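Structural overview
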Amino acid sequence: MPLALLALAVGAFGIGTTEFVMMGLLPEVADDLGISIPSAGHLVSAYALGVVIGAPLLAAVTARFSRRQVLIGLMALFVAGNALSALAPGSEWLLAARFLSGLPHGAFFGVGAVVATGLVPAERKAQSVSLMFLGLTVANVIGVPLATLMGQHLGWRATFLAVSAIGVAAIAALMLLIPHDHTHGESSGLRSELAALGSLPVWLALGTTVAGFAALFAAYSYITPMLTDSAGFADSTVTLLLALFGVGATIGNLLGGRLADRAMRRTLFGGLLALAAVLAAFPLLMRSEWSAALGVTLLGAVAFTTSSPLQLMVMEKAHAAPSLASSANQAAFNLANAGGAWIGGLALAAGLGTTSPAVVGAVLAVAGLGVAATAYAVDRRRGAAGPVLGGRLVASYAPKRRERAGR
């Protein structure tokens, strides 16, 4: 695999760290700024809103620029947002800074996925995407716990300064390792980019992402009360258990990339089916500590097995605007985050039990499987499995490699 994928993984590590660390620092932020914890929770929502708005918007308006330039610019915006978060004098300024930090998130992963697939042969596209996402999953194992500890001992502002430093390192890696390219997209402008997203297969692919990952977040958003109230863990051990989720996610992400290169749809169907099964088993898994720890690890593994095939499927369906489609898929991930948490919360509010959000998640995973099956049926009716990523996309990033192979 090209060393350039390391630069994308470093950027993904920084983004994953800043996305999830705020959840662990809410008490410190609330105490320092003199606001309630529910009010501090709006900082999480502000970041997610920035992702949803920024993902398709930034990918569309930068369609005429070099992908390398766009990635560097997005990471510079990421550094600015986190530095402003560290320097925010009050809650309103911090809210705005968190929104700014979220803007480049989806577009970075979207454009980065296109660059990653262009760096490797066609039979390794999914693996290249999974290696970029490796930075995100490793952030949950290492970055978020360390950043949370830093915030608790040195203050939350030190955490965001450290995240800014990671962003600067990512910029240096991007400048050093990402090959120069001459064009960002194949389309002629914003209107053409948006038109490429108008087909039914694209929307079915995005719908699969929303339903599939809403299943994960319906349960994961309420994993702490499941572990403490149902499984009997002490509050102090929850952080370690969440790291187990990150370990499972890392394994599932790498495994999903390898399997998707062999059979993308079967990997997607199998991952969604496994996700439904694990979530349906959660009421049983949460009856003891050892089975609960196993369940959390399995949840991360089966959920992230689907991340690479979902990303590739959206890109292939919108082959005329892969960067925009890939970025829109990141917005879909965050809509799934918000929607899944809301639906899981309804089950809890209805008094259905601590593990009821997981059962709701199992239903959502089955719904995602239904959407994926519908997308497959539409492709069969149209007589194609969907267009492959265009040759020009790959040629932009690997001409020297192919020339050497030809000699």
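Since we're looking at a predicted model, the values are computed, not measured.

Here is what the cut-offs are and how they apply
- Residues numbered from 1 in each chain as written.
- Predicted model: local features only at pLDDT ≥ 70, side-chain atom pairs only at ≥ 80, totals over all residues.
- Heavy atoms only, no water.
- Helix = DSSP H or I, 4+ residues; strand = E, 2+ residues; numbered from the N terminus.
- Expected span 1.5 Å × (residues − 1).
- Buried < 20%, exposed > 50% of the residue type's maximum accessible area, 1.4 Å probe, protein only.
- Arc of directions from axis to C-beta.
- Contact = heavy atoms within 4.5 Å.
- Polar contact = N/O pair within 3.5 Å; in protein donor to acceptor, adjacent residues only side chain to side chain.
- Phe/Tyr/Trp six-rings, centres within 6.5 Å; stacked < 30°, edge-to-face > 60°.
- Axes fitted to C-alpha atoms, helices over the stretch in contact; angles between N-to-C directions.
- Parallel < 35°, antiparallel > 145°, perpendicular 65-115°, else oblique.
- Nonpolar A, V, L, I, M, F, W, Y, C, P; charged D, E, K, R; others polar.
- 1 Å grid on protein atoms, 1.4 Å probe; cavity = no way out; pocket = protein on both sides within 12 Å on 5 of 7 lines; lining within 4 Å.
- Points joined across faces, edges and corners; volume = space filled by probe spheres on them.

Our next topic: helix α12 (residues 264-280). With 17 residues, α12 extends 24 Å between its outermost C-alpha atoms, agreeing within 8% with the 24 Å of an ideal straight helix rising 1.5 Å per residue. Among the residues of α12, those classed as buried are M264, R265, T267, L268, G271, L272, L275, A276, V278 and L279. Down the axis, α12 shows its buried residues gathered within 170 degrees of arc, on one side only. Turned more than 90 degrees from where α12 packs its buried face, R266 and L273 sit exposed. Close packing links the buried residues of α12 with α9 (200-220), α11 (238-262), α13 (282-285), α14 (289-304), α15 (307-317) and α17 (356-381).

In this section: the side chain of T267. Note on placement: T267 falls in helix α12. One polar contact links the side chain of T267 to the main-chain carbonyl oxygen of L259, over a distance of 3.1 Å. Excluding its chain neighbours within four sequence positions, the residues that come into contact with T267 are G256, L259, A260, T305 and P309.

Inspection of the secondary structure assignment puts T148 in helix α6 (residues 125-154). Within the local environment of T148, its side chain forms a polar contact with the backbone oxygen of V144, the two atoms lying 2.7 Å apart. Look past the residues within four positions of T148 in its chain and what remains in contact with it is V21, G24 and L25.

Our focus in this paragraph is the packing of aromatic side chains. Taken as a whole and assessed by the stated rule, the structure comprises eight aromatic pairs. Between F245 and F304 the ring centres are 6.3 Å apart and the planes differ by 75 degrees, which places this aromatic pair in the edge-to-face class. A residue pair is termed long-range when its members are at least 10 positions apart, and F245 in helix α11 and F304 in helix α14 qualify at 59 residues. Both residues of the pair, F245 and F304, belong to the buried class. Judged by centre distance (6.4 Å) and plane angle (90 degrees), the ring pair of F269 and Y376 falls under edge-to-face. Of this pair, F269 sits in helix α12 while Y376 sits in helix α17, placing them 107 residues apart in sequence. You can call F269 partly exposed: its relative accessible area is 23%.

Looking now at the packing of α11 against α15. Contact pair α11 / α15: the axes reach a minimum separation of 7 Å and the direction vectors enclose 50 degrees. With respect to α15, the element α11 is oriented oblique. Residues N253, G256, G257 and A260 of α11 touch α15, and the partners they reach there are S307, S308 and P309. When the residues that make up the contact of α11 with α15 are grouped by side-chain class, the tally is two nonpolar, five polar and no charged.

With that settled, the discussion passes to the layout of surface pockets. Approximately 1,000 Å³ is the volume found for the largest pocket. Elements represented by at least two residues in the lining of the largest pocket include exactly α1 (4-33), α2 (37-40), α3 (42-61), α6, α9, α10 (223-230), α11 and α16 (322-349). Element by element, the count of residues in the lining of the largest pocket is highest for α6, at six residues. Looking at the lining of the largest pocket, its residues break down into 21 nonpolar, eleven polar and two charged.

So, about empty space enclosed by the protein. Across all of its chains, the model carries one cavity of 30 Å³ or more by this definition. What the largest cavity holds in volume is close to 270 Å³. Along the wall of the largest cavity there are 17 residues; nearest its centre are F20, L136, F217, F304 and F333.

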